[in-house]
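Chain and residue survey
Residue strings, one per chain:
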Amino acid sequence: MTPSTNTPERSSRDVASRDTAGGFSRRAFLHGSGAVAAAATLQTSATAFAQAAGGGTSIVSGETTIELSVNGKTHSVKAEPRTTLLEVLRYQLDLTGAKPVCNDGSSGAATILVDGKPMQANTLFAIAMVGKQIETVESLAKDKVPAAFTACDAQQCGFCTPGFVVAVKAFLDKKPKATETEIREGLNGNICRCGTYVNIVQAAVKLVKGDA
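Residues numbered from 1 in each chain as written. Predicted model: local features only at pLDDT ≥ 70, side-chain atom pairs only at ≥ 80, totals over all residues. Heavy atoms only, no water.

Moving on, we get to helix H6 (residues 161-174). When the terminal C-alpha atoms of H6 are compared, their 20 Å separation across 14 residues agrees well with the 20 Å that a helix rising 1.5 Å per residue should span. H6 sits mainly inside the fold: 12 of its 14 residues count as buried. Among the residues making up H6, those that are buried are Thr 161, Pro 162, Gly 163, Phe 164, Val 165, Val 166, Ala 167, Val 168, Lys 169, Ala 170, Phe 171 and Leu 172. Here the buried face of H6 lies against strand S3 (111-114), strand S4 (117-120), helix H5 (144-151), helix H7 (180-186) and helix H8 (197-208). (Helix = DSSP H or I, 4+ residues; strand = E, 2+ residues; numbered from the N terminus. Expected span 1.5 Å × (residues − 1). Buried < 20%, exposed > 50% of the residue type's maximum accessible area, 1.4 Å probe, protein only. Contact = heavy atoms within 4.5 Å.)

Here it is in structure tokens:
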């Protein structure tokens, strides 16, 4: 009798084969994807908010007034616990550099700096940002990074450009002598749908060489 092809053993092998088809592991991809990182960030923000809400002594609900330090200035804004930092920046402070391209931070278009570290404004709760130093691309108007982008024509539609500018700034501040390979790896959290990666990397290399 010919063995059935639907035995449990065969089914498990089939699943494993599909997961690693072409040498590509779906599990490994999901493990390293920006979506997973963004989900972790949201969870961290929610936890931080819960802790900041009084260490179990009080809960904030509804709209409340908070103060945020953005680009060196203190702003009084209104936010519900669910309000994202991106919504406050764009719709209350009129800082529209960070873009709402995605909801999970996987595009990198909403990159801003929080205490000097690049983060995604659309994955952060505004109320959890009280007491932190927030910097947007608007604060870099006179910086060398946007000048290098212009010199290298490192933008097309421009929608991703602010996120890339902030990401390059953060990366080179941390690693000013980065190689081209390190730059490519350091910017892999940002996506350009126009495919302007070569020019963006050239701009970063130009900054490393001091040519900008």
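With that out of the way, let us pick up the sheet that holds strand S2 (residues 73-79). In spatial order, the strands read S2-S1-S5-S3-S4; together these 5 strands make up an open sheet with mixed pairing. Single-partner strands in this sheet number two, and they are S2 and S4. For this sheet, the mean angle separating the axes of adjacent strands, direction not counted, is 45°. Pairing geometry for strand S1 (residues 64-70) and strand S5 (residues 133-135), over 2 bridges, is parallel. Within S5, the residue paired with Val 70 across the bridge is Ile 134. H6 contacts S3 and S4 of the sheet and is inclined by roughly 40° relative to S3. (Pairing = 2+ DSSP bridges. Axes fitted to C-alpha atoms, helices over the stretch in contact; angles between N-to-C directions.)

Looking now at H5. Within the span of H5, buried status applies to Val 145, Ala 148 and Phe 149. For H5, the angular spread of the buried residues around the axis is 105°, confining them to a single face. Residues Lys 144, Thr 150 and Ala 151 are exposed on H5 and point more than 90 degrees away from its buried face. Of the surrounding elements, those touching the buried residues of H5 are H6 and H8. Backbone nitrogen of Val 145 and a side-chain oxygen of the N-cap are separated by 2.9 Å at the start of H5; the cap is Asp 143. Where H5 ends, the next residue or the one after it, Asp 153, has phi of about 50°, a positive value. (Arc of directions from axis to C-beta. Polar contact = N/O pair within 3.5 Å; in protein donor to acceptor, adjacent residues only side chain to side chain.)

The biggest cluster of nonpolar side chains holds 28 residues, and the ones touching the most others in it are Phe 149, Phe 164, Val 168, Leu 172, Ile 183 and Leu 187. Of all elements in the fold, only H5, H6 and H8 reach the threshold of two or more residues within this core. The dominant element in this core, judged by the number of residues it contributes, is H6, at 8 residues. The next biggest cluster of nonpolar side chains, apart from the first, holds 23 residues, and it includes Leu 86, Leu 89, Leu 95 and Ala 121. (Core = buried A, V, L, I, M, F, W, Y, C linked by side-chain atoms within 4.5 Å.)

Right, let's get into the state of the cysteines. Within this structure, the stated rule accounts for 0 disulfides. With no disulfide of its own, Cys 157 lies 3.7 Å from the sulfur of Cys 194, the closest cysteine sulfur. (Disulfide = S-S within 2.5 Å.)

Bringing the pattern of salt bridges into the picture now. Enumeration over the complete set of coordinates arrives at 5 salt bridges. As a salt-bridge pair, Glu 180 and Arg 184 come within 3.1 Å of each other at their nearest N and O atoms. You can see Glu 180 and its partner Arg 184 sitting in helix H7, 4 residues apart, about one turn around the helix. Residue class for Glu 180 comes out partly exposed when judged on its relative accessible area of 39%. Counted as one network, the salt bridges with shared partners bring together Asp 143, Lys 169 and Asp 173. (Salt bridge = Lys/Arg side-chain N within 4 Å of Asp/Glu carboxyl O.)

Right, let's talk about unusual backbone geometry for a bit. Even without being glycine, Asp 94 reaches a positive phi, approximately 60°. Even without being a glycine, Asp 153 presents a positive backbone phi close to 50°. Taking the relative accessible area as the measure of exposure, Asp 153 reaches 48% and is therefore partly exposed.

The subject of this paragraph is the pairing of S4. In the sheet, S3 pairs with S4 via 4 bridges, with the strands oriented antiparallel. By the bridge assignment, Ile 112 is partnered in S4 with Met 119. Hairpin connection between S3 and S4: a loop of 2 residues separates the two successive antiparallel strands, and Asp 115 in this loop has a positive phi of roughly 55°.

Nothing here speaks to function; it is all geometry.
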